[in-house]
Amino acid sequence: MDVVDRSATPEAAVTPAATAATPAAAATHRPSSGTVHSWDLSTGVDGPGTRFVTFLSGCPLACLYCHNPDTMRMRNGRRVAADEIVAEAAKYTAFIRAAGGGATVSGGEPLLQPVFAGELFHRFKHELGLHTALDTSGFLGARATDALLRDVDLVLLDIKSWDRATYREVTGRDLEPTLAFARRLAALGKEIHLRFVLVPGLTDDPANIEGVASFAATLPTVTRVDVLPFHKLGEAKWEALGKPFTLHDTPSPTPGQVAAAREVFAAHGLRAI
């Protein structure tokens, strides 16, 4: 169900640890609403099974291949009450459970609104009894309190490049906060599905793939690696926003290139999909 309008206030400047909420503050001052782009039911791409996915607005990254650039800015969403989202998810709980699914909070970047995201996770898990997943770049991982993460069963974590210069070219940000968050998740025993987008001429250098794979192998809670082929399905959205899609001439990787990347992860004992 699409709930997008243009009325929300613009996002503030972002640093990884800015305005991090304490567990006590999150429990005492949870807001009743957040800035939401949309929500939908999906299967197979936002965590295991059929899932109720809430897309929060705003993202500190500006990924060149983002297929949802309309979620990057807070102003492209609207304020929605947590009660409304939970009530909508409740309509599908029996179906979701039967399909082995759950609820995912995605974006944009959910940790741009950590207290609101934490409330959604808590209510999805404890009121509706659903498996929960956080879909994140990890750049704002310092904003995720331990209390928030206790209500998260699975983290879908993007590591977009190992080479630091390439990571900054792809995202406009630094890689280190994501790596620190990944280590923290592993230390907490939190299950991770790692995601890596294979972009010819950008992230497909063998040394780059080897770097991501070697790091992933140090995280004992990584149970799956998704090697995602670059695509241009979001190009029309970039055009609609009046923004250039700089990867217009970049081809999708061949099946052989994708298979070779998966083999690098598999060689490190990782389950690569």
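Per chain, residue numbering runs from 1 following the sequence as it is written. Under the rules for a predicted model, residues below a pLDDT of 70 receive no local features and side-chain atom pairs below 80 are neither given nor counted, while totals for whole chains, interfaces and linings still include all residues. For side-chain calculations, the full set of non-hydrogen atoms in the structure is used, while hydrogens and water are omitted.

A. Expanded view of unusual backbone geometry. With an omega of 20°, the peptide bond between glycine 107 and glycine 108 qualifies as cis. The numbering of helices and of strands both runs from the N terminus, where a helix is a DSSP run of H or I of at least 4 residues and a strand a run of E of at least 2. Tracing the backbone shows glycine 108 in the loop between strand S4 (102-106) and helix H4 (114-126).

B. Main features of helix H6 (residues 164-171). Residues Thr166, Tyr167, Val170 and Thr171 constitute the buried set of H6. Down the axis of H6, the smallest arc covering the buried residues is 110°, so these residues share one side. We call two residues in contact whenever any of their non-hydrogen atoms come within 4.5 Å of each other. Turning to H6, the residues buried within the fold contact helix H7 (176-187). Within 3.5 Å is the distance limit for a polar contact, defined as a pair of N or O atoms, with the added protein rule that one can donate a hydrogen and the other accept it, and that residues adjacent in sequence qualify only through two side-chain atoms. Capping the start of H6 is the job of one residue whose side-chain oxygen sits 3.2 Å from the backbone nitrogen of alanine 165: aspartate 163. In this scheme, a residue with accessible area under 20% of its type's maximum is buried, one over 50% is exposed, and one in between is partly exposed, where area comes from a 1.4 Å probe on protein chains only. The arc under discussion is defined with respect to the helix axis, by the directions toward the C-beta atoms.

C. Structural view of the layout of surface pockets. We place a 1 Å grid over just the protein atoms. Points where a 1.4 Å probe fits but has no way out form a cavity, open points with protein on both sides within 12 Å along at least 5 of 7 lines form a pocket, and any residue with an atom within 4 Å of a point lines it. Grid points are joined across faces, edges and corners, and a volume is the space filled by probe spheres set on the points. The calculated volume of the largest pocket comes to roughly 920 Å³. Forming the boundary of the largest pocket are 37 residues, of which His67, Asp135, Asp158, Arg195 and Leu228 lie nearest the centre. For the lining of the largest pocket, the secondary-structure elements that each account for two or more residues are strand S5 (131-136), strand S6 (154-158), strand S7 (191-198) and strand S8 (222-229). Ranked by the residues each element gives to the lining of the largest pocket, the list is headed by S8, at five residues. Its residues assigned to classes, the lining of the largest pocket comprises 16 nonpolar, twelve polar and nine charged. Just so you know the grouping, Ala, Val, Leu, Ile, Met, Phe, Trp, Tyr, Cys and Pro go in nonpolar, Asp, Glu, Lys and Arg go in charged, and all remaining residues, Gly too, go in polar.

D. Fine view of the confidence of the model for the chain. Each residue carries a pLDDT score, the predictor's confidence in it, ranging from 0 to 100. Model confidence for the chain is summarised by a mean pLDDT of 90, while 89% of its residues fall at 70 or above. Predicted confidence is poor over residues 1-13, with pLDDT under 50, and the contacts of this stretch with residues over four places away or in other chains come to 37 contacts. Contacts of residues 18-29 to residues separated by more than four positions or lying in other chains number twelve contacts, the stretch itself having pLDDT below 50.

E. Inspection of the pattern of salt bridges at higher detail. Each reported salt bridge corresponds to a side-chain nitrogen of Lys or Arg within 4 Å of a carboxyl oxygen of Asp or Glu. Applying the stated rule across the entire model yields 13 salt bridges. Among the salt bridges present, the one from aspartate 226 reaches arginine 224, with a minimum N-O distance of 2.8 Å. Residue aspartate 226 is classed as buried on the basis of its relative accessible area of 7%. For arginine 224, a relative accessible area of 22% gives the class partly exposed. Here the salt bridges share partners, and the residues they tie into one network are Asp83, Glu119, Arg123 and Glu127.

F. View of the packing of helix H8 (residues 206-216) against helix H10 (residues 255-266). H10 packs onto H8 with a crossing angle of 35° between their chain directions and a minimal axis gap of 9 Å. Once H8 is placed against H10, the crossing between them reads as right-handed. Of H10, the residues touching H8 (which contributes Ile209, Glu210, Val212 and Ala213) are Ala261, Val264 and Phe265. Structural elements are reduced to axes, namely lines fitted to C-alpha atoms, with helices fitted over the stretch in contact, and the angle between N-to-C directions of any two is expressed from 0 to 180 degrees. In a left-handed crossing the near helix is turned counterclockwise from the far helix by less than a right angle, and in a right-handed crossing that turn is clockwise.

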